[in-house]
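# Notes for the structure review
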Amino acid sequence: MVVAVMVLGCAGVGAVLALTFSSPRDRALAQIHRLQQQIDRQNAQVGGVRQDAQRGLDALAVKLGQLQAQSTRLNALGERLIEVGKLDASEFDFDQPPGVGGVEDASGNAYALPPALDRSISQLASQFDSQQAQLSALQSLLLDARIESNLKPTGMPVQGYISSYFGVRPDPFDGRSEMHTGIDIATPYGTPVHTVAEGMVTFAGVRNGYGNVVEIDHGNGYMTRYAHNSVLDVHAGQHVQVGEVIAQAGSTGHSTGSHVHFEVWYDGRVINPLAFVRKHR
Ligand SMILES: [Zn+2]
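Residues numbered from 1 in each chain as written. Predicted model: local features only at pLDDT ≥ 70, side-chain atom pairs only at ≥ 80, totals over all residues.

### Quick notes on the overall build of the chain
Helix and strand counts for the chain come out as four helices and 13 strands. Classification of the 281 residues of the chain by burial places 20% in the buried group. For the chain, restricting intrachain contacts to residue pairs at least 6 apart in sequence, the fraction spanning at least 24 positions comes to 64%. (Helix = DSSP H or I, 4+ residues; strand = E, 2+ residues; numbered from the N terminus. Buried ≥ 20, exposed ≤ 12 C-beta atoms within 10 Å, placed from the backbone. Contact = placed C-beta atoms within 7 Å.)

Spelled out as structure tokens, the structure:
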């Protein structure tokens, strides 16, 4: 403000001088004086522009810092997703941009940013693009993993308690040692029996010793078997969802009382189902 008043004051004095002493030399001096004032004003304007630009750059730097912090958070989120989804981390290096082609956009840059800032912003932009692509790939993989988990035997097929475990045990009828190929879950007659995973019913009928039995192929190497049922609610060739009712518990076949004999097979071999029934979906 003070400067402005002084500038105006000088201009006024110059004009008065030019009118008072109107010799050619004096007029030239007055002309030079006006030009000098004009240059001063322009310099002041340039200074103002510089200040505005600096303020703009400071704001940009703050914005850049925020974006970088966001990028760091995205990285952390991505790494947590990989952990949660038990995915191969080497496929998702969030610090590296994925190998894709592209064309630099060299047009329409109205403001020339300092090269360092411009580089940082460009790097950040491509980092965000890369993170976005990797996150959406990760998301679809996680969805696949969820579908995959529906196919894996998980949880108890029926409400009750485990009355006999997998392994060698005395036969309940004649006391001789025999291999018990599943677990027995004691449960009242007629209790609904559920599938422990999605799959296709490959057998529903009577098998020697097993009585009324349902066998389900889960398409991933796993097969489950549910034996001694009183009633079967599914038929061979039927597609079943996780938890669907397939039978009612009973005591058909080689059995001393109402229970479900549950087996898990993997790649054609019977395995201990205990770890599977103790899991939760
Ligand atoms: Zn059994």
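### Notes on the nonpolar core
The biggest cluster of nonpolar side chains holds 28 residues, and the ones touching the most others in it are Val 193, Val 214, Tyr 226 and Val 260. Sequence-distant contacts of Val 260, that is, excluding residues within four places in its chain, are made with Pro 157, Val 158, Ile 185, Thr 187, Val 193, Tyr 226, His 228 and Ala 249. (Core = buried A, V, L, I, M, F, W, Y, C linked by C-beta atoms within 7 Å.)

### Some words on the pairing of strand β8 (residues 222–229)
In terms of burial, β8 is a largely internal element, eight of the eight residues being buried. In the sheet, strand β7 (residues 211–217) pairs with β8 via five bridges, with the strands oriented antiparallel. Across the sheet, residue Glu 215 finds its bridge partner in β8, namely Arg 225. Hairpin connection of β7 to β8: four residues between the antiparallel strands, including Gly 219 at a positive phi of 75°. Sheet topology note: the β8/strand β12 (residues 259–266) ladder contains six bridges and is antiparallel. When the bridges of β12 are listed, Tyr 226 appears paired with Phe 262. (Pairing = 2+ DSSP bridges.)

### A closer look at the confidence of the model for the chain
Detailed reading of the predicted coordinates is not advisable wherever pLDDT is low. Residues of the chain with pLDDT of at least 70 account for 70%, and the chain-wide mean is 78. Low pLDDT, under 50, characterises residues 1–19; the predicted model gives this stretch twelve contacts beyond four residues in sequence or across chains. Across residues 98–110, confidence stays below pLDDT 50; counting only partners more than four residues off in sequence or on other chains, it has three contacts. (pLDDT = per-residue confidence, 0-100.)

### Quick word on the sheet that holds strand β5 (residues 192–194)
What holds strands together in a sheet is hydrogen bonding between their backbones, with the strands either parallel or antiparallel. Spatially, β5-β11-β9 is the arrangement adopted by the three strands of the open sheet, whose pairing is antiparallel. Two strands bound the open sheet, and with one partner strand each, they are β5 and β9 (231–232). Note: β9 against strand β11 (residues 245–248), two bridges, orientation antiparallel. Bridge assignment links Val 231 to a residue of β11, and that residue is Gln 248.

### So, the pairing of strand β2 (residues 167–170)
Relative to strand β3 (residues 177–180), β2 is paired through four bridges, and the arrangement is antiparallel. The partner of Pro 170 across the bridge, within β3, is Ser 177.

### Section: unusual backbone geometry
Its identity as a non-glycine residue notwithstanding, His 228 has a phi of 70°, on the positive side. Within the fold, His 228 resides in strand β8. You will see that Asp 267, though not glycine, has its phi angle at about 50°, which is positive. Looking at the element boundaries, Asp 267 is found in the loop between β12 and β13 (269–271). Asp 267 gets classed as exposed once you count the C-beta atoms within 10 Å, which come to 8.

### Concerning the environment of Gly 268
Looking at where Gly 268 falls in the secondary structure, it is placed in the loop between β12 and β13. Accessibility expressed as a C-beta count within 10 Å gives 7 for Gly 268, which makes it exposed. Sequence-wise, Gly 268 and Met 223 are 45 residues apart; in three dimensions their C-alpha atoms are separated by 8.2 Å.

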